[in-house]
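Residue-level structural notes
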4 protein chains.
Amino acid sequence: MSAVTDEQDKSADEPLRVGVLGARGRMGIEVCKAVDAAPDMELVAMVDQGDWLFNASDAGAEVVVDFTTPDAVMDNLHWCIDQGISAVVGTTGFTEARLERMRGWLARKPGVGVVVAPNFGIGAVLMMQFAERAASHFESAEIIEQHHPRKLDAPSGTATHTARLIAAARAAAGQGPAPDATRDEVAGARGCDIDGVRVHSVRATGLVAHQEVLFGATGETLTIRHDSYDRASFMPGVLLAVRKVRTRPGLTVGLDALLD
Amino acid sequence: MSAVTDEQDKSADEPLRVGVLGARGRMGIEVCKAVDAAPDMELVAMVDQGDWLFNASDAGAEVVVDFTTPDAVMDNLHWCIDQGISAVVGTTGFTEARLERMRGWLARKPGVGVVVAPNFGIGAVLMMQFAERAASHFESAEIIEQHHPRKLDAPSGTATHTARLIAAARAAAGQGPAPDATRDEVAGARGCDIDGVRVHSVRATGLVAHQEVLFGATGETLTIRHDSYDRASFMPGVLLAVRKVRTRPGLTVGLDALLD
Amino acid sequence: MSAVTDEQDKSADEPLRVGVLGARGRMGIEVCKAVDAAPDMELVAMVDQGDWLFNASDAGAEVVVDFTTPDAVMDNLHWCIDQGISAVVGTTGFTEARLERMRGWLARKPGVGVVVAPNFGIGAVLMMQFAERAASHFESAEIIEQHHPRKLDAPSGTATHTARLIAAARAAAGQGPAPDATRDEVAGARGCDIDGVRVHSVRATGLVAHQEVLFGATGETLTIRHDSYDRASFMPGVLLAVRKVRTRPGLTVGLDALLD
Amino acid sequence: MSAVTDEQDKSADEPLRVGVLGARGRMGIEVCKAVDAAPDMELVAMVDQGDWLFNASDAGAEVVVDFTTPDAVMDNLHWCIDQGISAVVGTTGFTEARLERMRGWLARKPGVGVVVAPNFGIGAVLMMQFAERAASHFESAEIIEQHHPRKLDAPSGTATHTARLIAAARAAAGQGPAPDATRDEVAGARGCDIDGVRVHSVRATGLVAHQEVLFGATGETLTIRHDSYDRASFMPGVLLAVRKVRTRPGLTVGLDALLD
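Going by an unreviewed UniProt entry, chain A carries the name 4-hydroxy-tetrahydrodipicolinate reductase and comes from Salinispora tropica. Entered under Subunit (unreviewed entry) in the UniProt record, the comment concerning chain A runs "Homotetramer." Quoted verbatim from the Pathway (unreviewed entry) field of UniProt, the annotation for chain A is "Amino-acid biosynthesis; L-lysine biosynthesis via DAP pathway; (S)-tetrahydrodipicolinate from L-aspartate: step 4/4."

Glancing now at the relation of the copies chain C and chain D. Superposition of chain C onto chain D requires a rotation of 180° combined with a translation of 0.0 Å along the rotation axis, giving an RMSD of 0.1 Å. In the structure described here, the two chain copies are related by an operation that fits a two-fold rotation axis. Rotation axis and chain C: the residue whose C-alpha lies nearest the axis is C:Gly188, separated from it by 1.9 Å. Interface overlap between copies: 100% of the residues of chain C at the interface are likewise at the interface in chain D, consistent with a symmetric, same-surface contact.

All names here are of chain C. The residue threonine 247 is located in the loop between helix H7 (235–244) and strand S13 (250–253) in this model. Since its relative accessible area comes to 59%, threonine 247 is described here as exposed. A sequence separation of 112 residues divides threonine 247 from alanine 135, and the C-alpha atoms of the two residues are 32 Å apart. Within the local environment of threonine 247, its side chain forms a polar contact with the backbone oxygen of lysine 244, the two atoms lying 2.7 Å apart.

Quick reminder: α-helices carry 3.6 residues per turn. Residues three or four places apart thus point the same way. Most of helix H7 (residues 235–244) of chain D sits inside the fold, with seven of its 10 residues counted as buried. By the burial criterion, the buried members of H7(D) are D:Met235, D:Gly237, D:Val238, D:Leu239, D:Leu240, D:Ala241 and D:Val242.

A few words on helix H3 (residues 70–83) of chain C. Residues and elements named next belong to chain C. With 14 residues, H3 extends 21 Å between its outermost C-alpha atoms, agreeing within 8% with the 20 Å of an ideal straight helix rising 1.5 Å per residue. Regarding H3, the residues found buried are Val73, Met74, Asn76, Leu77, Trp79, Cys80 and Ile81. In the stretch just after H3, glycine 84 is the one whose phi turns positive, near 80°.

Turning our eyes to something else, we now look at the UniProt feature "domain: Dihydrodipicolinate reductase N-terminal" (unreviewed entry) in chain A. The positions that UniProt labels "domain: Dihydrodipicolinate reductase N-terminal" (unreviewed entry) are, in the present scheme, residues 17–120 of chain A. Overall, residues 17–120 of chain A shows 41% helix and 23% strand. The separation of its end C-alpha atoms is 20 Å.

Moving on: the side chain of C:Asp227. Among the secondary structure elements, C:Asp227 is positioned in strand S12 (residues 220–228). A distance of 3.0 Å separates a polar atom in the side chain of C:Asp227 from a polar atom in the side chain of C:Arg225. Apart from the residues within four sequence positions on either side, C:Asp227 is in contact with A:Gly219, A:Glu220, A:Thr221, C:Ala209 and C:His210.

Before going further, it helps to spend a moment on the sheet that holds strand S11 (residues 209–217) of chain D. Taking strand neighbours across the sheet as the criterion, the 10 strands line up as S9(B)-S10(B)-S6(B)-S11(B)-S12(B)-S12(D)-S11(D)-S6(D)-S10(D)-S9(D) in an open arrangement whose pairing is mixed. Each edge of the open sheet carries a strand with a single partner, namely strand S9 (192–194) of chain B together with strand S9 (192–194) of chain D. This sheet shows a mean twist of 20° between the axes of neighbouring strands, independent of strand direction. Those strands touched by helix H6 (residues 157–172) of chain B are strand S6 (140–147), S9, strand S10 (197–203) and strand S11 (209–217) of chain B, and its axis lies near 170° from that of S6(B).

Residue and element names in this part refer to chain B. The six strands lie next to each other as S2-S1-S3-S4-S5-S13, forming an open sheet whose pairing is parallel. In this open sheet, the two strands that pair with only one neighbour each are strand S2 (41–47) and strand S13 (250–253). Between one strand and the next, the sheet's axes are offset by a mean angle of 20°, whatever the strand orientation. Helix H1 (residues 26–37) rests against strand S1 (16–21), S2 and strand S3 (63–66) of the sheet, and its axis sits at about 155° to S2. The strands touched by helix H4 (residues 96–107) within the sheet are strand S5 (113–116) and S13, with S13 carrying the most contacts at an inclination of about 150°.

Another aspect to go through is the pattern of salt bridges. Pairs can form between side chains of opposite charge whenever their charged atoms are close. Using the criterion set out here, one finds 56 salt bridges over all chains in the structure. When the shortest N-O distance is used, the salt bridge between A:Arg243 and A:Asp40 registers 2.6 Å. Taken together, the residues span a long stretch of sequence, with A:Arg243 in helix H7 (residues 235–244) and A:Asp40 in the loop between helix H1 (26–37) and strand S2 (41–47) at a distance of 203 residues. Residue A:Arg243 is classed as partly exposed on the basis of its relative accessible area of 40%. Across the pair C:Asp180 and C:Arg190 runs a salt bridge, and its minimum N-O distance is 2.9 Å. One end of the pair, C:Asp180, is in the loop between helix H6 (157–172) and strand S8 (184–185); the other, C:Arg190, is in the loop between S8 and strand S9 (192–194), and 10 residues separate them in sequence. The class for C:Asp180 is partly exposed, based on a relative accessible area of 33%. Accessibility expressed as a relative area gives 2% for C:Arg190, which makes it buried. One network of salt bridges, in which partners are shared, links A:Glu96, A:Glu100 and A:Arg103.

Cut-off values and rules
- Residues numbered from 1 in each chain as written.
- Chains lettered and ligands numbered in written order.
- Predicted model: local features only at pLDDT ≥ 70, side-chain atom pairs only at ≥ 80, totals over all residues.
- Heavy atoms only, no water.
- UniProt positions renumbered as here; feature names shortened; annotations may be inferred.
- Least-squares fit on C-alpha atoms with pLDDT ≥ 70 in both.
- Contact = heavy atoms within 4.5 Å.
- Helix = DSSP H or I, 4+ residues; strand = E, 2+ residues; numbered from the N terminus.
- Buried < 20%, exposed > 50% of the residue type's maximum accessible area, 1.4 Å probe, protein only.
- Polar contact = N/O pair within 3.5 Å; in protein donor to acceptor, adjacent residues only side chain to side chain.
- Expected span 1.5 Å × (residues − 1).
- Pairing = 2+ DSSP bridges.
- Axes fitted to C-alpha atoms, helices over the stretch in contact; angles between N-to-C directions.
- Salt bridge = Lys/Arg side-chain N within 4 Å of Asp/Glu carboxyl O.

Take a look at the structure:
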């Protein structure tokens, strides 16, 4: 965790120097472990509330990962961009205004990249991509999401987002509403309606976080299901972003673009 | 399709002589095919509206299968019982009063059996039995039923019945409500509530008739799923009842008792 | 089923004139029904063994659909291309040599398009596309295909093809073999090995045609499942190809390209 | 953790006094936590290698739970039975000879009960019960078990045991082999054969421990699926046995009997 690296001399096989901001938080701890275990990365700085950001630059961090708080993240990113350090950001609370401010900072630092993603689960991101892509080819589409019973909201944010993607793809293809002859419904049986897509939220002890997207056409159904058991499932997405962020100067929103 | 059988002389390997009432209806046609294909049965009479019931007795039917209408079925059964012919009945519309009348007729004919079943799908019946049996061992239970979009009611009758069986088993075991911290719900997301059990109804082109019962306890879930594609799926249950009805004098309601 | 159309005068809303070759075969009958039911198409010719191909051109067919036999299909297509009629082909038995010959014929008829597809099930094609795309992002990938017990081959052609797509995507991404510590195996338990991807073939009465592709990474799995119940499920893919073939001069192999 | 209880005076609401043998092992730790959290139990002794068994009797344990080793368990149980303490045993390595010896000890202590179970997962036990019960009603039955890739054996012990139960139920009902027309098989595609039942073992990162039993008849399938994510899933079964063992004098093998 020392000495500054001279970028020009860096050989291709030298590990990427990574700093973690929010290193003692729930996600930060997982990120530190994942970076430490990655053979092509070196964990050079673990920074949390009360620590100096300069620890990261002094240690020669080339990329920082930020899982901090909406209050702290903009200052952190401003400083990173100024220092020429690229950033991968999982902190929440990004509005379009915040993204716009960041684009301004990045415009003045052409070599620096920032990836902001609301969800680093590669499986979840692929599920949403596939759902969006399949949507226009099927007459019917419904979502069943299943979570542990301590969850406060129904449907989940991921389910709502998926429903909107499907609805938009259907609208773009000129599809009308999915067929549904239900006349006699016990209230709630048909789930909730998100932009015309029915979403069902199951809550049960023993479940973790699961989502099924069901598409139907005459004589066939296509189902895309994602099961997530563990916070560790976000780490491959974080590492992917860390590896790619310096090759994508400017701002990238969402993991999607990095999966191609 | 002729001559009366002398019961006493009947050898064990002689096929069982079966008549079908409602033989030209949707279900009746399937029953005729199934009886005809069964090596241990002989289809001796196909009776429908306008035909004489005596065709069945003249042909020596030992068992009749009735898939007719609520209007016709009581007369048919009265006649069968009088003739000493056992019956397997899939016709709907049975009230407790009707069952009671039939018990009266059967009391005077000790050798005759009648099986009345609302559902001859062995898979569906087992699903309900298993759900009832599992219910008291799990903190959570929800039902997801999935059908073609031409279905008028939601949830399905089978789902409602299953939910009631689960609710009764939970109550008998002194279980309280399943845990559910939902505070922020888009209306309908959590499904409908049948005696405290949440039921979700999915409707999509390409589906036929499916039901999943999900039970959850700490660290595990148990799922019982039934998929039905075809009216033919009821035939094994009908044939099972035909084979067993003469060994069960009196009235039997439901396929359950025959599955043990 | 008569009169030649003057292409130049054709208004945008006039239905597309479609002929079917192999019209009395299992698939041909379904195609005729589907074309007949499509509001933007007119079924102008039904041709089968013993009929003249000229029936199709005389009736002004703009597109023909060919579900015939490997023996007949090349002559049919040569004739169509010569006549300036585009074709959608579901007949099997296409080798690279055959495709090459067809490319030669098409080179001399720049306005004509031919789509040859081994599988017109949109759901199946999307499943394969998604599987290919997900493959490089997950450490593990296995396929479970489930069919009726009358099927002669195991695994299915679709499963084998999917496994190869996954294997190629893994190789291209430099992935090694999926982790598997199995030391003590009852022969066959781990399925068969198709280019390093394990495939499991389930056979049971009551199943039709189903496939599940399972991807796994730390803490999460992504499952893509296709259920097909009916030959009718191929028709949307056939109609899609009929609608698009004239906008894609030359040879198109596979439905994939038409789904974008 | 003191004073001996006078059994006669014990009121119905006093918590059951439970000791744990093997308290510092992986399972033992979970058992201690579960007993401690149960409102109707008191954890009165935690005994491990090097501790005196008398700690349990001195502390007034009415029931002990033994998750120790095959080497230690018989001595532990002999001592418990002598002391009049009932026991719930999850330790492995029980042969018929060992069970027979235990029956001898118990015969001389009529008030004492011992429950020995190879699997305390209520979900898994119910899955096996249901599979056994459904077996004779379906023409086809196959098992798909799915585990993490560090597992050494394929198929799993639970899958093998389930297959044997199904095979025995089929044999008892006089069923022949399930239909299977496979002629052209890539070696292993159809899984392994356990007493005539096909079993498929999937191994993938991200999976924990899952099993699906699929039954098929004409036009329908019935699927029983168990998903287990966590060692904690065994605790409800252990607690159930602790609550019931004193009401079942003598030896009980398997959790099944306690679930009725």
